[in-house]
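One letter stands for each residue in the lines below.
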Amino acid sequence: MLAATLLVGAVRLPLEAALTDELRGAGLLAAPLAVGTREKLGQTSATVALGGLRTLVATFLNLRAFTFFTEARWDDVADTFDTIVELAPQTIYYWETGASHQAYNASAYYLNDSDLPPLRRDAAWRAAVLKGRAFLERGIRNNPGNPKLNAYLGYLLIDHNKFRAFRDPDATFLAAAQAYQTAADAPDSLPFLRRFQLYAMARVAGQQAEALALARQLYQDQGNRTPTLRCVYFALEMGAYPMLFDPESLAIGLFGSAEKAYATLSNYWLRANDRLPVHGVAEAISALEVQLGIAAEKSVFLLHPVQDAEDE
Amino acid sequence: MSETPVSPTRSASGSHAGRISVIATHTFTQLVRMKVFYFLAVFAVITIGSNFFDLPQHAGPEAAGTNILNSIKSWSVGTMTLFSVVFAIVATALLLPKDVEDRTLYTILAKPVPRLDYLAGKLLGVILLVFVSLALMDGLMTAVLQIRCSMILSAQMELAHSRGWSAAEIASLRNDIVSQGPNVSLQAAVFVVFLRASIMASLALLVSTFSTSTLFTSIISFMIYFIGHFQADARGVFLEAGAGWVTRAIALLVALVLPDFHLFNEFDAVIQGQVFPLMLLGEITGIGLFYAVFYVIASWFIVAEKEF
């Protein structure tokens, strides 16, 4: 009997190895758990996870991570999410949530609520934002081309409350544009992703010509003519051909009327923190204020920039 | 119209399929009378309860609230795996000792019933129980998933329309949500859970042929179940150069003797949205059938020589 078992085992061994490779190639089987992860899970959970219930253990750990989150135990949150994504690397929600906890929740906590001295708060805030970004990029490496993760990375990188943490604005916006491009190139992707690729690209020094070409292409589609896209298109045209266009005429042409042009460009002007291109915007607003008879004390130039405007 | 008379001789001995079918039906009835289906109440609580694990934490801008669907699938399929394996092992471990204790075994074997038919019938009875249990659990999971998926879809569609999304955007959102709901890949994954439980039942049958008690059979079977999930690791150790020869020899022994249960873990990927190709399902079914048939034949070899 033992001989028969060994003989049959010898026959099925290469077959099973080949099938395992095939299933891993199809993304249906995960790679074996790393020893470090098994240690983190503990004996019971590791046994359950190895018993074919990885996603169930990941769900349990997600509940535990939520408790850590409510107690502002950010290192524990990060550790738990490291283990969760090891167990369920294809669940995009875990990558997004783990990154969000660091880049948004932990960073905001360090900036506003921690007991750290003021000088160290900024460093802790920056470290948390970078940790969130690194986690998200790890998620993208594990799920190459995933549109949701790429879109979320782009969203993080062009967030005006966060990009200060990344030091080099051009490299950051370029990375955001590439992330949005990957997301937009995916089949069945939502049209706004291409617009966001443009908004990121328009902020990169040296990419204005490519951004203008994309803006012109997007503008052809009526569905893309959102206020932000019209403004970015306007600024890019004015930046590329300042002598060719009259700012006021171009604005009225793009927005349909002087009133609409003034209202939209004013809002755009106040979004200074977004670092979007503003070539010709001030000139157009000044001319429109004269044309519309807006009093000097009500000029948009006297208002403070808004902090939380959203792209469209 | 007159009925064709059945030969008394043929009726008494019957065909292999007929005998196996009678024993399987009897075994199924015997197990059902043990009130095993009460577990469905527990499963219902878990499946419905998993609806409430929608944590108020981050949901990305495009998450569309589908994470709760993953949670329902994860809890439900996890519970199905546990219940099916426990049923398969414990029910099979009970069979032979109970038949010996009740003296049913002697009555059956005193008749012209080949021992292979007896074993196959018993095993099929357990497998039928596991199948019915999984079908009921699958039905409940699918219903809960469908209802929740429809709720999310309806809420998200309303939101998308209120935001003035284009038809393409709405179609993309709909596809995203529907892909997380009940689908063919999920049913294929549940079928693989059934295959694994069937292998465990046949393996427990083999253990029970030389075991002295139900408890021993159960413990050994559960140990094999868990060690079987390391089989791929053992194979990897054997195939990769670098390990010592003693380690490689032990790894080879584990890889040759134990089944590879890691091959039946596709549902983790399916829960996360992966598509299960039918070709691969066919290959896994082939491996599953191979294991089940091999363990039944091995059991027959042992029982054929055994004195009761």
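Keep in mind it's a predicted model, so treat the numbers as computed, not measured.

1. What about the overall build of chain B?
Then, number 1: Along the backbone of chain B there are 13 helices and 0 strands.
Then, number 2: If you list the helices and strands of chain B from N to C, you get α-α-α-α-α-α-α-α-α-α-α-α-α.
Then, number 3: Overall, chain B is about 75 × 75 × 35 Å in size when its C-alpha atoms are taken along their principal axes.
Then, number 4: Residues counted as buried form 44% of the 308 residues belonging to chain B.
Then, number 5: Expressed as a percentage of contacts within chain B between residues at least 6 apart in sequence, the contacts between residues at least 24 apart total 84%.

2. Some words on the overall build of chain A
Then, number 1: Check the secondary structure of chain A and you find 14 helices and 0 strands.
Then, number 2: N-terminal to C-terminal, the α/β element order of chain A is α-α-α-α-α-α-α-α-α-α-α-α-α-α.
Then, number 3: For a compact globule of 312 residues, the expected C-alpha radius of gyration is about 20 Å, and chain A comes in at 26 Å, more than 25% above that figure.
Then, number 4: Long-range pairs, those at least 24 residues apart, make up 58% of the contacts in chain A with a sequence separation of at least 6.

3. Description of the domain arrangement of chain A
All names here are of chain A.
Then, number 1: Segmentation of chain A into domains returns domain 1 (38-129), domain 2 (145-222) and domain 3 (226-312).
Then, number 2: Here the C-alpha centre of domain 3 lies 21 Å away from the C-alpha centre of domain 2.
Then, number 3: Listed per partner, the contact involves 15 residues of domain 2 and 15 residues of domain 3.
Then, number 4: Those elements that place two or more of their residues in the side of domain 2 that touches domain 3 are α9 (192-202) and α10 (208-219).
Then, number 5: Tallying contributions element by element places α10 first for the side of domain 2 that touches domain 3, with 7 residues.

4. Details of the interface of chain A and chain B
Then, number 1: Tallying the contact residues gives 47 residues for chain A and 51 residues for chain B.
Then, number 2: Residue assignment for the side of chain A that touches chain B shows that the elements contributing at least two residues are α1 (2-25), α2 (35-50), α3 (54-70), α5 (92-112) and α7 (147-157) of chain A.
Then, number 3: When residues of the side of chain A that touches chain B are assigned to their parent elements, the largest contribution, 12 residues, is made by α1(A).
Then, number 4: Partitioning the side of chain A that touches chain B into residue classes produces 26 nonpolar, 15 polar and 6 charged.

5. Examining the confidence of the model for chain B
Residue and element names in this part refer to chain B.
Then, number 1: Summarising the model, chain B shows a mean pLDDT of 84, and 91% of its residues fall at 70 or more.
Then, number 2: When pLDDT is averaged over each helix and strand of chain B, the minimum, 46, is found for helix α1 (residues 8-13) and the maximum, 94, for helix α8 (residues 184-210).
Then, number 3: Contacts of residues 1-12 to residues separated by more than four positions or lying in other chains number 1 contact, the stretch itself having pLDDT below 50.
Then, number 4: Interface scoring of the predicted complex returns ipTM 0.79; its pTM is 0.77.

6. Some words on the nonpolar core
Then, number 1: Counting residues in each nonpolar core, the largest one holds 162 residues, and the members touching the most others are V232(A) and A88(B).
Then, number 2: With 18 residues, α8(B) is the single largest residue contributor to this core.
Then, number 3: With 7 residues, the next largest nonpolar core counts F230(B), A251(B), A255(B) and L256(B) among its residues.

7. Details of the environment of E289(A)
All names here are of chain A.
Then, number 1: Take E289: it is sitting in helix α14 (residues 281-292).
Then, number 2: Considered as a pair, E289 and V300 are 11 residues apart in the sequence and their alpha carbons are 8.9 Å apart.
Then, number 3: If near-sequence neighbours (up to four positions away) are discounted, E289 is found in contact with I294 and S299.

8. Here we look at the environment of T97(A)
Residues and elements named next belong to chain A.
Then, number 1: Of note, T97 is situated in helix α5.
Then, number 2: On the basis of neighbour count, T97 is assigned to the buried category, with 27 C-beta atoms found within 10 Å.
Then, number 3: Remark: the alpha-carbon pair of T97 and N62, spanning 35 residues in sequence, is separated by 9.6 Å.

9. Examining helix α11 (residues 245-257) of chain B
Then, number 1: In this model α11(B) runs 18 Å from its N-terminal to its C-terminal C-alpha over 13 residues, within 8% of the 18 Å that 1.5 Å per residue would give.
Then, number 2: Three or more residues of α11(B) are buried, namely A251(B), L252(B), A255(B) and L256(B). When α11(B) is viewed along its axis, its buried side chains cluster within an angular range of 130 degrees and face the same direction. Facing away from the buried side of α11(B) by over 90 degrees, the exposed positions are V246(B) and A249(B).
Then, number 3: As for α11(B), its buried residues are in contact with α1 of chain A together with α10 (231-239) of chain B.

10. A short note on unusual backbone geometry
Residues and elements named next belong to chain A.
Then, number 1: Look at A72: it is not a glycine, yet its phi comes out positive at around 55 degrees.
Then, number 2: Assignment of secondary structure puts A72 in the loop between α3 and α4 (74-87).
Then, number 3: Although it is not a glycine, R275 sits at a positive phi angle of roughly 60 degrees.
Then, number 4: For R275, the position within the fold is in the loop between α13 (258-270) and α14.
Then, number 5: Look at R275 and you get partly exposed, because 14 C-beta atoms sit within 10 Å.

11. Regarding the packing of helix α11 (residues 227-240) of chain A against α13(A)
Residues and elements named next belong to chain A.
Then, number 1: Contact pair α11 / α13: the axes reach a minimum separation of 10 Å and the direction vectors enclose 80 degrees. As judged from the angle between their axes, α11 and α13 are roughly perpendicular. Every residue of α13 that contacts α11 at P227, R230 and C231 is listed here: T264, L265 and Y268.
Then, number 2: Classifying every residue of the contact of α11 with α13 gives 4 nonpolar, 1 polar and 1 charged.

12. Side note on the packing of α5(A) against α7(A)
Residue and element names in this part refer to chain A.
Then, number 1: It is the contact of α5 with α7, at a shortest axis distance of 10 Å, that shows an interaxial angle of 15 degrees. It follows that α5 is roughly parallel to α7 by the angle criterion. For the pair α5 and α7, the crossing hand works out as right-handed. Here I92, W95, E96 and A103 of α5 lie close against α7, whose contacting residues are K148, L149, Y152 and L156.
Then, number 2: For the contact of α5 with α7, the residue count by class is 6 nonpolar, no polar and 2 charged.

13. Looking at the environment of A24(B)
Then, number 1: Mapping A24(B) onto the fold places it in helix α2 (residues 16-32).
Then, number 2: When the C-alpha atoms of A24(B) and T247(B) are compared, they prove to be 43 Å apart, with 223 residues separating the residues in sequence.

The rules behind these values
- Within each chain, residues carry numbers counting from 1 in the order of the written sequence.
- Both sets of labels track the order of writing: A upward for chains, 1 upward for ligands.
- Side-chain atom pairs in this predicted model are given and counted only at pLDDT of 80 or more, local residue features only at pLDDT of at least 70, and totals for whole chains, interfaces and linings cover all residues.
- Comment: elements are numbered from the N terminus, with helices defined as DSSP H or I runs of at least four residues and strands as E runs of at least two.
- Counting other C-beta atoms within 10 Å of a residue's own tells you its class, since 20 or more makes it buried, 12 or fewer makes it exposed, and anything in between is partly exposed; those C-beta atoms are placed from the backbone.
- Any two residues are considered in contact once their C-beta atoms, placed from the backbone, lie within 7 Å.
- All radius of gyration figures rest on C-alpha atoms, and the globule criterion is 2.2 Å times the number of residues raised to 0.38.
- Domain delimitation follows an automatic or database domain assignment.
- Polar here means any residue outside two lists: the nonpolar Ala, Val, Leu, Ile, Met, Phe, Trp, Tyr, Cys and Pro, and the charged Asp, Glu, Lys and Arg; Gly therefore counts as polar.
- Each residue gets a pLDDT score, which is the predictor's confidence in that residue and runs from 0 to 100.
- Here, a nonpolar core denotes buried Ala, Val, Leu, Ile, Met, Phe, Trp, Tyr and Cys residues that are linked to one another through C-beta atoms within 7 Å.
- Take the residue count of a helix, subtract one, and multiply by 1.5 Å to get its expected span.
- What the arc describes is the spread of directions from the helix axis to the C-beta atoms.
- In this analysis, axes come from line fits to C-alpha atoms, helices being fitted only over the stretch in contact, and the angle between any two N-to-C directions falls in the range 0 to 180 degrees.
- We call two directions roughly parallel when the angle between them is under 35 degrees, roughly antiparallel when it is over 145, roughly perpendicular when it lies between 65 and 115, and oblique otherwise.
- Crossings are sorted by hand: turned counterclockwise from the far helix by less than a right angle, the near helix makes the crossing left-handed, and turned clockwise it makes it right-handed.

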